Each structure stands twice: as C-alpha cells, then as structure tokens.
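A structural walkthrough
One letter stands for each residue in the lines below.
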Amino acid sequence: LDNVSKIDESALRYIFPTFVLGLRFDVMVGIYFLLLPYVLLFVFYLINKPATRFYLFFRIYLAAFFILAIITACSDIPYYHYFSTRITTAILQWFDSPKVMFTFIFSEKTFLPFLLLMAVLILVVLVLLRVFYKKVLLNMQQYQTSFTQRLLIFLFWSLLLFWGIRGGAFFRPLALRD
C-alpha cells in the first residue's frame with residue numbers, strides 16, 4: 001500500500017486482471033491439494049460406508065496444506081517489500097540455516113503485523129476444520145440418499161473441481177504463459 005501513489009495511471013487497468021489471474025492460480029493449486037481427500041471421501045460416500053478412520057488423516061492433511069499456504073502468503077508481502085521480488089524456490093535455501101531465517105523474520109519490526117495476521121488466519125483455519133469435521137463429516141451417514149442421488153452429488157462437485165483446476169469455467173485454462 002506504500003507504493004499506490006507511485007503507480008502509473010496506465011498501469012491501473014492491469015491491477016484487477018492481475019488480481020483475478022492470481023486468484024485463479026491460487027484456486028487451482030488449492031484444488032489440486034483437495035483432490036486426494038475429495039476422491040477418497042466420495043468413494044466411501046458412494047458405496048455408503050463411513051470413512052471415520054480417514055477423518056483424522058484428512059484433517060491433518062488439510063491443516064498442513066492451509067497452514068503452509070497461509071505462511072507463504074503472509075511471508076510474501078514483507079519478503080517482497082524487503083527484497084523487491086516474490087518468494088521463489090530460492091527461499092528454500094534458507095532452510096539450511098533455520099536460526100538465521102527465524103532471527104531475520106522475528107527481528108524485523110515490519111514483519112510483526114504479518115506474523116499476527118498469520119497466527120490469526122491459522123487459528124481460523126483450524127477452528128473451521130474442526131467445525132467442518134463436527135458438523136459435516138460426523139453427520140454424513142445420517143442423510144439417507146439413494147445411489148443415484150449420491151452419484152449426482154459426486155458429479156456436481158467433480159464438475160466444480162474440474163472448473164477450478166482449469167482456472168475457471170468461462171476462461172481458457174491456465175497455462176505456463178500466464
């Protein structure tokens with residue numbers, strides 16, 4: 001937000017399309033991570049068997065993914081502000097010296113709001129996963145539906161996931177050139 005006044009007027013028309021493209025990419029990556037739990041849960045749903053053994057695995061899997069995504073997103077803004085470049089695979093080189101990495105992160109005062117935001121978002125994700133587990137997954141078997149209804153539900157959600165992987169229903173698929 002510090003640099004909003006420095007944006008050239010002609011560049012303003014690219015901000016919203018760039019935001020939408022980034023959102024499409026984030027949705028696509030998120031859906032790739034959701035595919036494994038989706039397919040496994042729906043296989044159990046289609047054959048009408050409880051998948052309670054897998055619920056803990058799904059919760060840990062999804063929590064790990066969302067925590068990693070939140071950490072990356074909250075780290076990218078101060079990282080860009082400091083280095084004038086986005087987080088890339090170069091950040092993985094820091095893992096050789098975690099003490100230096102954490103000293104750098106926690107000693108920089110401008111990172112503190114992002115660390116607070118990260119902590120709040122992680123807490124929100126963990127609470128939402130717990131609510132989803134209690135309200136949806138544990139009660140899934142009490143809804144009596146026919147195989148045809150379960151199949152239609154599966155096809156509907158599969159179509160939405162397919163559109164998400166493509167980067168949208170009405171756009172051309174995301175490609176490397178984007």
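Quick summary incoming for the structure in this document. Since the structure is predicted, the reported quantities are computational estimates derived from the model, not experimental observations.

With that out of the way, let us pick up the overall build of the protein chain. The helix and strand inventory of the protein chain stands at five helices and zero strands. If you list the helices and strands of the protein chain from N to C, you get α-α-α-α-α. Here the protein chain holds 178 residues, and 22% of them are scored as buried. Considering only contacts in the protein chain between residues 6 or more positions apart, those separated by 24 or more positions represent 67%. For the protein chain, the accessible surface area stands at approximately 13,300 Å², while carbon and sulfur atoms represent 72% of it.

The geometry of helix α1 (residues 15-46) relative to helix α5 (residues 147-166) is characterised by a closest axis approach of 8 Å and an angle of 160 degrees between their N-to-C directions. By the angle between their directions, the pair α1 and α5 is classed as roughly antiparallel. Here the hand of the crossing between α1 and α5 comes out left-handed. Across from R24, V27, M28, I31, Y32, L35, Y38, F42, Y45 and L46 in α1, the residues of α5 making contact are F147, R150, L151, I153, F154, W157, S158, L161, G164, I165 and R166. Tallied by class, residues from the contact of α1 with α5 come to 16 nonpolar, two polar and three charged.

On to the packing of α1 against helix α2 (residues 52-83). Axis separation between α1 and α2 bottoms out at 11 Å; the angle between their running directions is 170 degrees. Classified by the angle between their axes, α1 and α2 sit roughly antiparallel to one another. For the pair α1 and α2, the contacting residues are G30, F33, L34, L36, P37, L40, L41 and F44 in the first and F54, Y55, F57, F58, Y61, L62 and F65 in the second. A breakdown of the residues in the contact of α1 with α2 according to their chemical character gives 14 nonpolar, one polar and no charged.

Glancing now at the environment of I87. Inspection of the secondary structure puts I87 in the loop between α2 and α3 (98-107). Its relative accessible area of 21% is what places I87 among the partly exposed residues. Sequence separation between I87 and A73 is 14 residues; the distance between their C-alpha atoms is 9.3 Å. Those residues in contact with I87, other than ones at most four positions away along the chain, are T72, S75, D76 and Y79.

Turning to α5, a few remarks are in order. The end-to-end C-alpha distance of α5, which contains 20 residues, comes to 28 Å, matching closely the 28 Å that a straight helix rising 1.5 Å per residue would cover. Of the residues flanking the end of α5, it is G167, one or two places downstream, whose phi is positive at about 100 degrees.

Moving on, we get to the packing of aromatic side chains. Describing an aromatic ring pair means giving the distance of the ring centres and the angle of the ring planes. Evaluation of the coordinates by the stated rule reveals 10 aromatic pairs. Members of the aromatic cluster, connected to one another through ring pairs, are F44, F54, F57, F58 and Y61.

Judged by side-chain polarity, I153, F156, W157, L159, L160, F162 and W163 come together as a nonpolar surface patch covering roughly 650 Å² of accessible area. Within the secondary structure, L159 sits in helix α5. Looking at L159, the relative accessible area reads 38%, which means it is partly exposed.

Formed by L62, A63, I70, C74, L115, M118, I122, V125 and L129, the largest nonpolar core amounts to nine residues. Residue assignment for this core shows that the elements contributing at least two residues are α2 and α4 (112-137). With five residues, the top contributor of residues to this core is α4.

Turning our attention to α2. Within an α-helix, residues lying three or four positions from one another point in the same direction, as the helix has 3.6 residues per turn. Given a rise of 1.5 Å per residue, 32 residues ought to cover 46 Å, and the 46 Å separating the end C-alpha atoms of α2 matches this to within 8%. Maximum bend of α2: about 30 degrees, positioned at D76, with proline P78 one to four residues after it. Those residues of α2 that sit buried are Y55, F58, L62, A63, F65, I70, C74, D76, P78 and Y79. Remark: S84 follows α2 within two positions and exhibits a positive phi of approximately 55 degrees.

Rules used throughout
Residues numbered from 1 in each chain as written. Predicted model: local features only at pLDDT ≥ 70, side-chain atom pairs only at ≥ 80, totals over all residues. Heavy atoms only, no water. Helix = DSSP H or I, 4+ residues; strand = E, 2+ residues; numbered from the N terminus. Buried < 20%, exposed > 50% of the residue type's maximum accessible area, 1.4 Å probe, protein only. Contact = heavy atoms within 4.5 Å. Areas by Shrake-Rupley, 256 points an atom, 1.4 Å probe, with all protein chains shown as cover. Axes fitted to C-alpha atoms, helices over the stretch in contact; angles between N-to-C directions. Parallel < 35°, antiparallel > 145°, perpendicular 65-115°, else oblique. Left-handed = near helix turned anticlockwise from the far one by under 90°. Nonpolar A, V, L, I, M, F, W, Y, C, P; charged D, E, K, R; others polar. Expected span 1.5 Å × (residues − 1). Phe/Tyr/Trp six-rings, centres within 6.5 Å; stacked < 30°, edge-to-face > 60°. Patch = residues over 30% accessible without salt bridge, like charges linked within 9 Å, V, L, I, M, F, W, Y side chains within 5 Å. Salt bridge = Lys/Arg side-chain N within 4 Å of Asp/Glu carboxyl O. Core = buried A, V, L, I, M, F, W, Y, C linked by side-chain atoms within 4.5 Å. Bend = angle between axes of the 7 residues up to and from the residue.

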